[in-house]
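A structural walkthrough
Residues per chain, in single letters:
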Amino acid sequence: MQKLLIKGKKVLSGTISISGSKNATLPILAASILNDKKTTLKNIPLVKDVFTMIELLSFIGLKTKLHKGKNILEISKKNKKIITVAPYRIVKTMRAGVLVLGPLIAKYKKAKVSLPGGCAIGTRPVDLHLFALKKLGAKILIKEGYIYASAKDGLVGCKIKFPSISVGATENAIIAASQAKGKTILYNCALEPEIENLIVFLKKMGCKISIKKGRKIIINGTFKTSQVSQKIMFDRIELGTYLIAAALMGKKISFSNVIPKIINTEIKVLKSMGVKIKSQNKKIIVYKSLDIKSAKIKTKPYPGFPTDLQAQIMVLMSKAKGYSSIEENIFENRFMHVPELKRMGAKISTKNNIAQILGPTKLSGAEVMATDLRASVCLVLAGLIADNRTVINRIYHLDRGYENLEKKLKTCGAKITRI
Ligand code: EPZ
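Glancing now at the overall build of the protein. Counting its secondary structure elements, the protein contains 14 helices and 24 strands. A compact globule built from 419 residues should have a C-alpha radius of gyration of about 22 Å, and the protein, at 22 Å, falls within 12% of that. For the protein, the C-alpha atoms occupy an extent of roughly 65 × 45 × 45 Å along the three principal directions. Every one of the 419 residues in the protein was classed for burial, and the buried ones make up 59%. Excluding contacts between residues fewer than 6 apart, the proportion of contacts in the protein whose partners are at least 24 apart in sequence is 73%. When the accessible surface of the protein is split by element, carbon and sulfur atoms take 55% of a total near 17,100 Å². Positive and negative charge centroids in the protein, built from 75 and 26 side chains respectively, lie 4 Å apart.

The subject of this paragraph is the site of the ligand. Lining the immediate environment of the ligand, one finds 20 residues, of which Leu128, Ser166, Asp308, Ile330 and Arg374 sit closest. Take Lys22: an N or O atom from its side chain is 2.9 Å from an oxygen atom of the ligand. Between Val167 and the ligand, the recorded distance is 2.8 Å, taken from a backbone N or O atom to an oxygen atom. Protein chains bury 83% of the 820 Å² of accessible surface belonging to the ligand in isolation. Residue classes in the shell around the ligand are distributed as nine nonpolar, five polar and six charged. Both of domain 1 (4–19 + 234–418) and domain 2 (22–231) provide at least three residues apiece to the shell around the ligand.

This part takes up helix 6 (residues 167–177). The periodicity of an α-helix, 3.6 residues per turn, causes residues three or four places apart in sequence to face the same way. The buried fraction of helix 6 is high, at ten of eleven residues. Of the residues making up helix 6, those classed as buried are Gly168, Ala169, Thr170, Glu171, Asn172, Ala173, Ile174, Ile175, Ala176 and Ala177.

To continue, consider the pattern of salt bridges. Between side chains of opposite charge, pairing is possible as soon as their charged atoms come close. Here the structure, examined in full by the defined rule, presents 15 salt bridges. Between Asp49 and Lys22 there is a salt bridge, with the nearest N and O atoms lying 3.8 Å from each other. Of this pair, Asp49 sits in helix 2 (residues 48–60) while Lys22 sits in helix 1 (residues 22–31); the two residues are 27 residues apart in sequence, bridging distant segments of the chain. With relative accessibility at 1%, the residue Asp49 sits in the buried group.

Packed helices, taken two at a time, are described by the angle between their axes plus the distance between the axes. Where helix 8 (residues 236–249) meets helix 10 (residues 310–317), the closest approach of the two axes is 10 Å, and the angle between their N-to-C directions is 10 degrees. The angle between helix 8 and helix 10 falls in the class roughly parallel. The residues of helix 10 that touch helix 8, namely those facing Ile237, Thr241, Ile244, Ala247 and Leu248, are Gln312, Ile313, Val315 and Leu316. Of the residues in the contact of helix 8 with helix 10, the class split is seven nonpolar, two polar and no charged.

Another aspect to go through is the packing of aromatic side chains. The description of an aromatic ring pair rests on the distance of the ring centres and on the angle between the ring planes. According to the stated counting rule, one finds one aromatic pair in the structure shown. Across the ring face of Phe51, the terminal group of Lys68 is positioned such that the distance to the ring centre comes to 4.8 Å. One Lys or Arg, Lys112, reaches over the ring of Tyr146 and ends 4.7 Å from the middle of that ring.

A few words now on helix 5 (residues 127–135). Of the residues making up helix 5, those classed as buried are Leu128, His129, Leu130, Ala132 and Leu133. Buried-residue contacts for helix 5 involve helix 4 (101–108), strand 8 (139–143), strand 9 (146–150), strand 10 (159–161) and helix 6.

Once the domains are mapped, the protein shows domain 1 (4–19 + 234–418) and domain 2 (22–231). Between domain 1 and domain 2, the C-alpha centre-to-centre distance is 30 Å. Between domain 1 and domain 2, the contact holds 22 residues from the first and 22 residues from the second. Surface buried jointly by domain 1 and domain 2 totals about 1,800 Å² across both partners, of which 50% is contributed by carbon and sulfur atoms. Looking only at domain 1, the three residues that lose the most surface to domain 2 are Tyr302, Arg400 and Glu403, adding up to 36% of its buried area. In this structure, the connection of domain 1 to domain 2 is made through two salt bridges. Of the charged contacts in the structure, one is a salt bridge between Glu194 and Arg236, with a shortest N-O distance of 2.7 Å. Linking domain 1 to domain 2 there are eight residue pairs in polar contact (both at pLDDT 80 or more). Each residue belonging to the side of domain 1 that touches domain 2 can be placed in one class, and the counts come to eight nonpolar, four polar and ten charged.

Reading the values: rules and limits
Residues numbered from 1 in each chain as written. Predicted model: local features only at pLDDT ≥ 70, side-chain atom pairs only at ≥ 80, totals over all residues. Heavy atoms only, no water. Helix = DSSP H or I, 4+ residues; strand = E, 2+ residues; numbered from the N terminus. Rg over C-alpha atoms; globule rule 2.2 N^0.38 Å. Buried < 20%, exposed > 50% of the residue type's maximum accessible area, 1.4 Å probe, protein only. Contact = heavy atoms within 4.5 Å. Areas by Shrake-Rupley, 256 points an atom, 1.4 Å probe, with all protein chains shown as cover. Lys, Arg positive; Asp, Glu negative; His and termini not counted. Charge placed at Lys NZ, Arg CZ, Asp CG, Glu CD. Near = heavy atom within 4 Å. Polar contact = N/O pair within 3.5 Å; in protein donor to acceptor, adjacent residues only side chain to side chain. Nonpolar A, V, L, I, M, F, W, Y, C, P; charged D, E, K, R; others polar. Domains from an automatic or database assignment. Salt bridge = Lys/Arg side-chain N within 4 Å of Asp/Glu carboxyl O. Axes fitted to C-alpha atoms, helices over the stretch in contact; angles between N-to-C directions. Parallel < 35°, antiparallel > 145°, perpendicular 65-115°, else oblique. Phe/Tyr/Trp six-rings, centres within 6.5 Å; stacked < 30°, edge-to-face > 60°. Lys NZ or Arg CZ within 6 Å of the ring centre and 35° of its normal. Buried area = accessible area lost by both parts, 1.4 Å probe.

See the structure below:
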């Protein structure tokens, strides 16, 4: 098992390039199942979850060609038979595998998709995905850990009101409805930027989709698909992670080819905490920030503060003067990083879904263990500010969603090595 060694207290400066978004890439890869013509995706992040989804598409029978050096992926149909199955051995490490359910049932009228296992942050149910597909006419059966779905006459558009907001269920429903007969109106949708990126992709393929105010999306199904070429949007969670790294140990760090308004909420929170951050059209610069102030944060669906930055901001709060708090409203068990941060000296107490952080506290390096993607990167951030050396185990979690993390931090002066 690989580990990361970090020697803390190194001042960082320079430029960090932000990769394409994992959470925009995964639903677009699933949606490429619908395309009879060629799909070309640029700015693909070379991370484990994307390789897993590419493996799944190849298993299903699509031809995939990854030009690693240029982060370009080409997907096309070959005259091989399509296997409408997403096997457990592939899906078990990546819950987003369930996103192939919508396109498979919409295009091939049947699918057998492994139920995603739970993970460190929660049980990860898919009831909202199945609720939407059933409304579109799919027959669903759960048996032996698999979802068996069928729609022998194809899917039919309808009105669907989500009981609660779900990114994945919204994506599955949009992809399925884009090849259903007639019109579908989705209510109470998630509106993450990655969903907008998926809609841009589907519209290029020939679907008619419009986002209305009040979390409403209208889809007019179509069966004719055209060749699509799309650049994946930047990863706003990776950007947020490095903005916090810059706030922790930066002298001056620049980020280019990003869209600051997409992370407006995060920038406002960082500024309220005293982080010196300047943003203009496609660039953001973070300067040395000394007296960090406390904050009270509640995670919410976009455009609220993202749950995927909750662990990371907690490290910054450990440097802030006084009591900060975080209310985690999206996942039921997303404080797994807290015990590890406490082993490094952080003063954090949790009660139900609320964590209270007292600062400023000095963190000291320790041997720690990553439990999920964002918890592992929060330990990297803690290692950057801790005295002496931090060793992070189980860093395969990191590799699921951060491209070239050590290289990006090393170029800014961090002492970080993988062993
Ligand atoms: C997406 O997960 C992201 N993953 C997650 O990022 C992100 O944390 C999450 O959205 C919230 O923003 C990808 O985009 C690949 P949800 P998803 O459905 O779609 C419950 C990362 O670190 N729920 O919006 O699974 C669910 O348990 C990952 O990159 C149901 O109850 O999230 C959760 O409590 C982690 N039934 C809440 O809704 C369902 O059918 C929000 O989940 C689906 C979800």
